[in-house]
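# Residue-level structure breakdown
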Amino acid sequence: MDYQGLLYEVMDEALRGGHAHGRVADYIPALAEADPAQFGMAIATVDGEVYGAGDWEQPFSIQSVSKLFSLTLTMAEGGEGLWRRVGREPSGNPYNSLVQLESEHGIPRNPFINAGAIVVTDRLLELTGDAGGAVRDFLRVESRNAALEVDETVAASEALHGNRNAALAHFIASYGNLHNPVDAVLRHYYAHCALAASCGDLARAGLFLARHGIRVDGSRLLTRSEAKRVNAVLLTCGTYDAAGQFAFRVGLPGKSGVGGGILAVLPGRGSVCVWSPPLDATGNSVLGVAALDALTTATGWSIF
Ligand code: GLU
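Just so you know, these numbers come straight off a predicted model, no measurement behind them.

Rules used throughout
Residues numbered from 1 in each chain as written. Predicted model: local features only at pLDDT ≥ 70, side-chain atom pairs only at ≥ 80, totals over all residues. Heavy atoms only, no water. Helix = DSSP H or I, 4+ residues; strand = E, 2+ residues; numbered from the N terminus. Expected span 1.5 Å × (residues − 1). Buried < 20%, exposed > 50% of the residue type's maximum accessible area, 1.4 Å probe, protein only. Axes fitted to C-alpha atoms, helices over the stretch in contact; angles between N-to-C directions. Parallel < 35°, antiparallel > 145°, perpendicular 65-115°, else oblique. Contact = heavy atoms within 4.5 Å. Near = heavy atom within 4 Å. Polar contact = N/O pair within 3.5 Å; in protein donor to acceptor, adjacent residues only side chain to side chain. Areas by Shrake-Rupley, 256 points an atom, 1.4 Å probe, with all protein chains shown as cover. Nonpolar A, V, L, I, M, F, W, Y, C, P; charged D, E, K, R; others polar. Core = buried A, V, L, I, M, F, W, Y, C linked by side-chain atoms within 4.5 Å. Salt bridge = Lys/Arg side-chain N within 4 Å of Asp/Glu carboxyl O. Pairing = 2+ DSSP bridges. Phe/Tyr/Trp six-rings, centres within 6.5 Å; stacked < 30°, edge-to-face > 60°. Lys NZ or Arg CZ within 6 Å of the ring centre and 35° of its normal.

With that settled, the discussion passes to helix α8 (residues 182–193). Across its twelve residues, α8 extends 16 Å between first and last C-alpha, which sits within 8% of the 16 Å expected from 1.5 Å per residue. Along α8, ten of the twelve residues are buried, which leaves the element largely enclosed by surrounding structure. Within the sequence span of α8, burial applies to Val182, Ala184, Val185, Leu186, His188, Tyr189, Tyr190, Ala191, His192 and Cys193.

As structure tokens, then:
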């Protein structure tokens, strides 16, 4: 398959659809500075080949894409116990919603809404002593990019404007579902959200899911069954309140972030990352979804 030509083709097709209606996230002020015209895409195959086009080597704020990695590391280190503290159903609510938490007694619906990711970060902090560092180090190894780093400006901006996440964390803590101090959990949560990585880095780092749980060095991180479960939760909950639409259009497990990145996986074949900052009303990259839609339509790459 001519992956390089394919990337040019699907990015062109996405651009022809236009992205005038997208908006760069600005509720974290440091994110508002992203150039809306940047657009990159990379494919990594299980055979070890990497292809990229556009701004695919440019680091961006990975934001909620990091939640895929924090969940994975928590499952790898801590097993099934996590599922007593967080559910695995789509929320049907915005990613930062407080309302469900009260009726569901502080057990967040899934690990990818902010409330669930905060509980996952708390568990990873218990397991490793450094949740932010664990996600960063994992990404460095899997992407083969030792320079991958937290963007401290973004992390500070998130903390300064983090009233909503602080409210979620305190509310969860009031039900006894946080085991570390709220401030520490939020610091680690912002640290992994504020990691800066490129499409190439993330496509490489997502390959362990395409390899059914096997890391870049050949060691096993997740059992085959755990890898299947992460992919399942990505499919049903990975793209905010638009996971149904994403499955309909793209047909791959994937995780998006408000920095405009989306990482998607085709088990057994490879992973693909796309980045364009303008977001639709549900928080997903407009061009990113369009390019993945074009890619899976052109290739038949889909789990269905
Ligand atoms: N750090 C962001 C927040 O907590 C992540 C949001 C996202 O990418 O969904 O609001």
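Below, the discussion takes up the packing of helix α4 (residues 114–128) against α8. At a minimum axis separation of 9 Å, α4 and α8 run at an interaxial angle of 105°. The angle between the axes of α4 and α8 places the two elements in the roughly perpendicular class. Counted together, Asn114, Ala117, Ile118, Thr121, Asp122 and Leu125 of α4 and Ala184, Val185, Leu186, His188, Tyr189 and His192 of α8 form the full contact between these two elements.

Our focus in this paragraph is the site of the ligand. In the region of the ligand, 13 residues are neighbours, and Tyr27, Ser64, Glu158, Tyr189 and Tyr240 sit closest. Between Ser64 and the ligand, the recorded distance is 2.5 Å, taken from a side-chain N or O atom to an oxygen atom. The side chain of Asn165 places a nitrogen or oxygen atom 2.8 Å from an oxygen atom of the ligand. Surface burial for the ligand is 99%, taken as the share of its 300 Å² of free accessible area covered by protein chains. Considering only residue class, the shell around the ligand consists of seven nonpolar, five polar and one charged.

Among soluble globular proteins, nonpolar side chains are generally buried collectively. Counting 73 residues, the largest nonpolar core has Phe69, Ile118, Leu139, Leu202 and Leu209 as the members making the most contacts within it. If near-sequence neighbours (up to four positions away) are discounted, Leu202 is found in contact with Phe60, Ile62, Val65, Phe69, Leu139, Ala197, Leu263 and Cys273. One finds Leu6, Leu252, Val272 and Val289 within the second-largest nonpolar core, a separate group that totals 26 residues.

Next up on the list: the pattern of salt bridges. Applying the stated criterion to the full structure yields ten salt bridges. One salt bridge connects Arg85 with Asp122, and the closest N-O pair in it is separated by 2.6 Å. Here Asp122 lies in helix α4 and Arg85 lies in the loop between α2 (66–78) and α3 (99–103), a separation of 37 residues in the sequence. By the burial criterion, Arg85 is buried, and Asp122 matches it. We note a salt bridge from Glu126 to Arg85, for which the minimum N-O separation is 3.0 Å. Linking Glu126 in helix α4 with Arg85 in the loop between α2 and α3, this pair joins segments that are 41 residues apart in sequence. Judged by relative accessible area, which is 36%, Glu126 ranks as partly exposed. The class for Arg85 is buried, based on a relative accessible area of 10%. One network of salt bridges, in which partners are shared, links Arg85, Asp122, Arg123 and Glu126.

The next point concerns the pairing of strand β1 (residues 40–45). In terms of burial, β1 is a largely internal element, six of the six residues being buried. Every second residue of β1 is oriented toward a common face, with Gly40, Ala42 and Ala44 on one face and Met41, Ile43 and Thr45 on the other, all of them buried. Pairing between β1 and strand β2 (residues 50–54): five bridges, direction antiparallel. The partner of Ile43 across the bridge, within β2, is Tyr51. Following β1, the chain reverses through four residues before pairing antiparallel with β2; Gly48 in that reversal takes a positive phi of roughly 95°. Pairing analysis gives six bridges linking β1 to strand β8 (residues 270–275), with the strands arranged antiparallel.

Taken as a whole and judged by the stated rule, the model has eight aromatic pairs. When the ring of Phe138 is compared with that of Phe208, the centres are 5.5 Å apart and the planes differ by 85°; the resulting orientation is edge-to-face. Here Phe138, found in helix α5 (residues 131–143), pairs with Phe208, found in helix α10 (residues 207–210); they are 70 residues apart in sequence, far enough to count as distant. Phe208 shares its class with Phe138; the two are buried. Grouping aromatic residues by their ring pairs yields a cluster made of Tyr3, Tyr51 and Trp301. Lying across the ring of Trp83, Arg88 places its NZ or CZ 5.2 Å from the centre. Across the ring face of Tyr240, the terminal group of Lys255 is positioned such that the distance to the ring centre comes to 4.7 Å.

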